[in-house]
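This is what each chain is made of:
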Amino acid sequence: MMSLTPSRGCLLDLPWEDILVPHILCHLPLQQLLSLQRVSKSFQSLIQLYLANMRCFDSSQIGPAIPRAAFVNLLKDNEVLQQLVLQNCSEWLTDRELLPVIGQNHHLHHIQLKGCAQLSRHALVAISLSCPNLRRLSLAHCEWVDSLSLRSLADHCKALEAVDLTACRQLKDEAICYLVQKCSRLKSLSLAVNANVGDVAVEEIAKCCPELEHLDLTGCLRVKNDSIRVLAEYCPKLRSLKVKHCHNVAESSLSILRNRGVELDVEPPLQRALVLLQDVVGFAPFINLQI
């Protein structure tokens with residue numbers, strides 16, 4: 001006699017590649033997915049399939065300290081990554097772990113390496129050679145970035161729209177000029193905390209990047225009024241400009257942008273006056289110029 005009791009379905013009975021991977025697993029935090037691997041061999045196979053087809057990897061979803069072996073194992077079969085976010089992984093991330101991932105993923109368009117201090121210039125060269133469609137790149141606080149590796153990036157990644165070079169202190173005006181001459185589609189650029197950047201670079205940015213919307217020059221002490229005026233003339237789409245701690249930039253040049261509605265990040269008038277006092281007499285009390 002046929003039973004009328006409905007059979008219980010299992011999650012794993014659903015089509016893996018058509019349903020589970022693209023429509024269900026993609027909504028779970030990576031940490032939970034990794035925990036699922038321990039449920040059974042079937043779940044382990046399912047998660048491995050997901051990892052091989054994952055489009056975005058963000059290390060912050062796992063935790064601040066990922067064992068080297070775990071990172072390598074997670075991405076060893078993935079060749080379709082589009083976004084790679086590895087912020088503040090300086091304790092464990094070196095060229096040895098990163099270069100194989102970059103070398104087998106040619107569809108990356110967003111890479112975040114903020115604070116990854118143990119990498120070398122070879123990492124940036126590998127990115128430039130393997131990621132021709134790269135649009136967003138953060139190298140903030142990566143002091144290993146030098147002019148030669150930046151030239152390689154400029155030569156091969158001309159679709160770049162956003163680059164963060166905050167505290168990349170090896171870079172000088174010449175390197176920045178080369179970058180913007182080759183990557184004229186830039187909409188966002190940060191050169192903050194680099195005392196080597198001056199008017200030459202800023203004027204070249206203005207003339208080469210008509211689509212520029214955001215520019216961060218915080219702490220670029222050599223930037224002066226003249227280059228800000230050029231920026232105002234050549235960048236009609238500029239929406240925000242950060243010039244805090246740029247002590248040679250005055251309201252006379254900023255007023256042009258202010259009147260256009262550009263969002264300006266500058267020091268309060270009192271703090272600016274104290275800085276000028278410090279320049280004149282060599283001392284001003286209670287000034288905190290930390291960036």
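Residue positions are given per chain, counting from 1 as you read along its sequence in written order. Thresholds applied to this predicted model are a pLDDT of at least 70 for local features of residues and 80 or more for the giving and counting of side-chain atom pairs; totals over whole chains, interfaces and linings are not thresholded and use all residues. The basis for every side-chain value is the complete set of heavy atoms in the structure, and neither hydrogens nor water enter the calculation.

Caption draft 1: Spatial organisation of the sheet that holds strand β4 (residues 136–138). Two strands form a pair only when DSSP identifies at least two bridges running between them. Helix numbering and strand numbering both begin at the N terminus, where a helix is a DSSP run of H or I of at least 4 residues and a strand a DSSP run of E of at least 2. What the nine strands build is an open sheet, ordered β1-β2-β3-β4-β5-β6-β7-β8-β9; its pairing is parallel. Each having just a single partner strand, β1 (56–58) and β9 (263–265) make up the two edges of the open sheet. Going across the sheet, the axis of each strand differs from the next one's by a mean of 5°, ignoring polarity. Lines are fitted to the C-alpha atoms to define the axes, a helix being fitted only along its stretch in contact, and any angle between axes, read from their N-to-C directions, falls within 0 to 180 degrees.

Caption draft 2: Quick look at the pattern of salt bridges. In the sections that follow, a salt bridge refers to a side-chain nitrogen of Lys or Arg positioned within 4 Å of a carboxyl oxygen of Asp or Glu. Under the counting rule described, the total for this entry stands at 10 salt bridges. Close ionic contact of Arg239 with Glu213 constitutes a salt bridge, the shortest N to O distance being 3.3 Å. Separated by 26 residues along the polypeptide, Arg239 in the loop between α10 (225–234) and β8 (240–242) and Glu213 in the loop between α9 (199–208) and β7 (214–216) bring together distant segments of the chain.

Caption draft 3: Molecular detail of empty space enclosed by the protein. Only protein atoms enter the 1 Å grid used here. Points where a 1.4 Å probe fits but cannot escape make up a cavity, open sets with protein on both sides within 12 Å along at least five of seven lines make up a pocket, and a residue lines them when an atom lies within 4 Å of a point. Grid points are joined across faces, edges and corners, and a volume is the space filled by probe spheres set on the points. On inspection of all chains with the given rule, the structure shows one cavity of 30 Å³ or more. Considering the residues around the largest cavity, the lining is formed by Gln48, Leu51, Ala52, Asn73, Leu74, Lys76, Asp77 and Asn78. Elements with a contribution of two residues or more to the lining of the largest cavity: α3 (41–52) and α4 (68–75). With three residues, the single largest contributor to the lining of the largest cavity is α3. Here the nonpolar group is Ala, Val, Leu, Ile, Met, Phe, Trp, Tyr, Cys and Pro; Asp, Glu, Lys and Arg are the charged ones; every other residue, Gly included, is treated as polar. The class makeup of the residues in the lining of the largest cavity is three nonpolar, three polar and two charged.

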